Amino acid sequence: MNETRAPELPKTGIWLNAVPTTLHDLRGCPVALAFVNGASVWSMQRVAEVTRWQARNPGRLQLVVVQVPRFEFEREPQQALKLLRRQGITAPIVLDAQWDAWRGYGVQSWPTLVLLDVEGRERERLVGAAGELERSLNTLCEGVSAPLDGEIFGAREINPEPRLPLRFPAGLVATAERLYVSDTGNHRVLECTHGGRVLRQFGLGSADLINGGIGEAAFNRPQGLALVRDVLYVADTGNHALRRVNLVSGQVDTLCGNGRMGDPRAGVLEQPWDSPLNHPADVAVADNQVHIAMAGDNHIWSYDLGTRELRWRSGAGAVEVRDGSGHLAAFAQPTGVVAVQQTLYVCDSLGSAIRSVQLRNDLVQTLVGQGPWEAGNVDGPRLNARLQYPLAIALGPDSPMLWIADYGNGTLRTLRLGGGDLTTVNLPRRLHGPRALAVAANAIWIAECGAHAVLRFDPVSGELSDVPIEG
């Protein structure tokens with residue numbers, strides 16, 4: 001055990017959702033410093049593991065999240081806070097915008113957990129997914145009694161999110177008459193009119209994995225949606241599952257996933273729970289198959305609706321922007337996907353890239369993007385153009401135009417297929433965390449995640465208006 005007390009958090013750190021404090025103030029209780037990046041799925045999964053341990057062991061450990069930016073937009077406190085809150089993080093957060101705490105602790109990769117004992121000494125550090133988290137936390141807190149008031153940090157979150165009908169919406173589908181919204185933070189999917197009137201709610205609004213009809217079924221942080229005739233397919237991200245809603249009956253069932261994160265198992269599934277999934281973020285349907293952007297393992301998977309076969313189509317698993325065929329190619333956290341004819345178009349979020357996958361041979365090609373550390377905000381020819389953490393992509397039924405939600409730049413971008421340039425759409429204002437897109441009824445529909453809203457953009461008039469969802 002290291003007898004030297006851990007260094008104090010630098011004064012350059014910005015406390016985002018809690019009253020500023022010091023590690024000295026926290027002496028007497030064990031502390032887990034989680035050095036994370038809010039844009040990284042793997043960082044958020046590690047924080048979620050600690051949070052689940054805390055729920056089973058209330059009052060025995062203080063978690064402090066140290067947000068270290070990967071992208072330029074994450075240096076802005078409000079954007080960094082929104083990024084973490086949309087992942088469900090409620091622990092105290094310190095923004096290490098200048099990487100001072102990172103350097104002071106000698107951290108080398110995300111996520112890293114630094115475990116401090118009651119005297120403020122470092123007992124252990126867990127890098128990535130390595131180490132037995134349960135054992136390490138149990139050992140750290142051995143013999144520590146819970147505080148009488150159950151509060152170690154002694155403060156509620158400050159700067160709370162406003163109470164609005166939607167909470168961090170992250171999925172959209174639009175038709176000629178309807179709008180389907182993944183109300184992610186409220187664990188439900190809404191069916192609305194274009195005017196925002198809620199017609200039906202799928203999901204009880206509590207985080208759970210339950211099949212059944214309206215008033216019975218439950219989701220956990222659903223995100224991407226895809227509609228084929230009367231069936232709505234849902235990337236139930238928090239449940240690590242692929243779900244299906246029959247819009248005629250309102251029945252919700254599970255096609256694949258067992259509610260727990262894990263490495264998917266390729267092959268024919270006799271039962272949905274025969275294979276876990278790993279953070280499915282979006283879905284698209286083509287050739288009677290549901291294609292899944294699996295952000296947790298950097299792969300594109302397909303689920304055959306006829307044979308129930310789960311297939312690993314492309315992606316080697318490494319966080320890279322690398323072209324090639326099938327498993328030789330590499331993605332950097334694929335988060336959005338859309339299908340047209342025999343091609344998938346993919347938002348590769350950490351790669352700040354737009355990729356294509358040919359379904360005939362699984363050939364992966366990069367349309368825009370140079371790599372995981374080459375983000376920016378540049379229009380023009382594809383080789384020079386830059387995005388910053390794009391999260392969603394959409395395509396009109398009769399248009400060769402890709403619409404891209406450029407989350408990091410707060411913009412709507414377009415890319416014309418067939419060699420066209422990347423262009424920023426002229427909007428009346430900056431977007432607050434565009435997270436999902438849909439094209440229908442002569443409009444572009446935008447899930448403005450950071451503002452808990454859905455917008456309608458008319459590309460002819462240039463008008464951007466709110467859709468007043470009240471459910």
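An account of the accompanying structure is given in this report. All values reported here derive from a predicted model rather than from experimental measurement.

A look at the packing of aromatic side chains
Next up, step 1: Under the criterion given, the structure shown has eleven aromatic pairs.
Next up, step 2: Between the aromatic rings of W99 and W102, the centroid separation amounts to 4.9 Å while the plane-to-plane angle is 55 degrees, which identifies the pairing as tilted.
Next up, step 3: W99 sits in the partly exposed class, given a relative accessible area of 22%.
Next up, step 4: On the basis of relative accessible area, W102 is assigned to the buried category, the value being 8%.
Next up, step 5: Its guanidinium or amino end placed over the ring of Y407, R86 lies 5.2 Å from that ring's centre, counting from NZ or CZ.
Next up, step 6: One residue, R243, lies across the ring of F219, its end atom 4.9 Å from the ring centre.

Some points on the pattern of salt bridges
Next up, step 1: Enumeration according to the criterion identifies 23 salt bridges in this entry.
Next up, step 2: Note that R46 and E49 form a salt bridge whose closest N and O atoms lie 3.2 Å from each other. With R46 and E49 both in helix 1 (residues 41-56) and three residues apart, the pair spans about one turn of that helix.
Next up, step 3: With a shortest N-O distance of 2.9 Å, D362 and R313 are connected by a salt bridge. Here R313 lies in strand 19 (residues 309-314) and D362 lies in the loop between strand 23 (353-358) and strand 24 (363-368), a separation of 49 residues in the sequence.
Next up, step 4: Given a relative accessible area of 7%, D362 falls into the buried group.
Next up, step 5: In this structure, a network of salt bridges that share partners links the residues K82, R85, E157 and E161.

Thoughts on the side chain of Q67
Next up, step 1: On the secondary structure map, Q67 appears in strand 3 (residues 62-67).
Next up, step 2: At a separation of 2.8 Å, a polar atom in the side chain of Q67 contacts the main-chain amide nitrogen of G38.
Next up, step 3: Look past the residues within four positions of Q67 in its chain and what remains in contact with it is V36, N37, G38, E74, A80, L84, I93, V94, L95 and D96.

Considerations on the environment of C192
Next up, step 1: Take C192: it is sitting in strand 9 (residues 188-193).
Next up, step 2: With a relative accessible area of 0%, C192 lands in the buried category.
Next up, step 3: As a C-alpha pair, C192 and I469 span 277 residues in sequence and 7.8 Å in three-dimensional space.

Some words on the sheet that holds strand 16 (residues 280-286)
Next up, step 1: If you trace the five strands from one edge of the open sheet to the other, you get 15-19-18-17-16, paired in antiparallel fashion. The sheet is open, and its two borders are formed by strand 15 (267-268) and strand 16, each paired with just one other strand.
Next up, step 2: The pairing of strand 18 (residues 299-304) with strand 19 spans four bridges and is classified as antiparallel. The partner of S302 across the bridge, within strand 19, is R311.

Focus on the pairing of strand 31 (residues 453-457)
Next up, step 1: For strand 31, the buried fraction is high: four of the five residues fall into the buried class.
Next up, step 2: Inspection of the sheet shows strand 30 (residues 443-448) paired to strand 31 by five bridges, in the antiparallel sense. Bridging across to strand 31, I444 finds its partner in F457.
Next up, step 3: Where strand 31 meets strand 32 (residues 464-466), three bridges bridge the pair, whose relative direction is antiparallel. Across the sheet, the residue bridging to L455 is D466, located in strand 32.

Thoughts on unusual backbone geometry
Next up, step 1: Of note, the amide linkage connecting W110 to P111 takes the cis form, showing an omega dihedral of -20 degrees.
Next up, step 2: Note on placement: P111 falls in the loop between helix 3 (100-104) and strand 5 (112-116).
Next up, step 3: In this model, N288 sits at a positive phi of 60 degrees, which is unusual for a non-glycine residue.
Next up, step 4: Positionally, N288 belongs in the loop between strand 16 and strand 17 (289-294).

Details of the environment of V189
Next up, step 1: Along the polypeptide, V189 turns up in strand 9.
Next up, step 2: Residue V189 is classed as buried on the basis of its relative accessible area of 0%.
Next up, step 3: The spatial distance from the C-alpha of V189 to the C-alpha of S399 is 28 Å, given a sequence separation of 210 residues.
Next up, step 4: When residues no more than four places from it in sequence are discounted, the contact partners of V189 are V181, S182, R200, Q201, F202, F219, P222, L225, L232 and V234.

Cut-offs used in this document
- Residues numbered from 1 in each chain as written.
- Predicted model: local features only at pLDDT ≥ 70, side-chain atom pairs only at ≥ 80, totals over all residues.
- Heavy atoms only, no water.
- Phe/Tyr/Trp six-rings, centres within 6.5 Å; stacked < 30°, edge-to-face > 60°.
- Buried < 20%, exposed > 50% of the residue type's maximum accessible area, 1.4 Å probe, protein only.
- Lys NZ or Arg CZ within 6 Å of the ring centre and 35° of its normal.
- Salt bridge = Lys/Arg side-chain N within 4 Å of Asp/Glu carboxyl O.
- Helix = DSSP H or I, 4+ residues; strand = E, 2+ residues; numbered from the N terminus.
- Polar contact = N/O pair within 3.5 Å; in protein donor to acceptor, adjacent residues only side chain to side chain.
- Contact = heavy atoms within 4.5 Å.
- Pairing = 2+ DSSP bridges.

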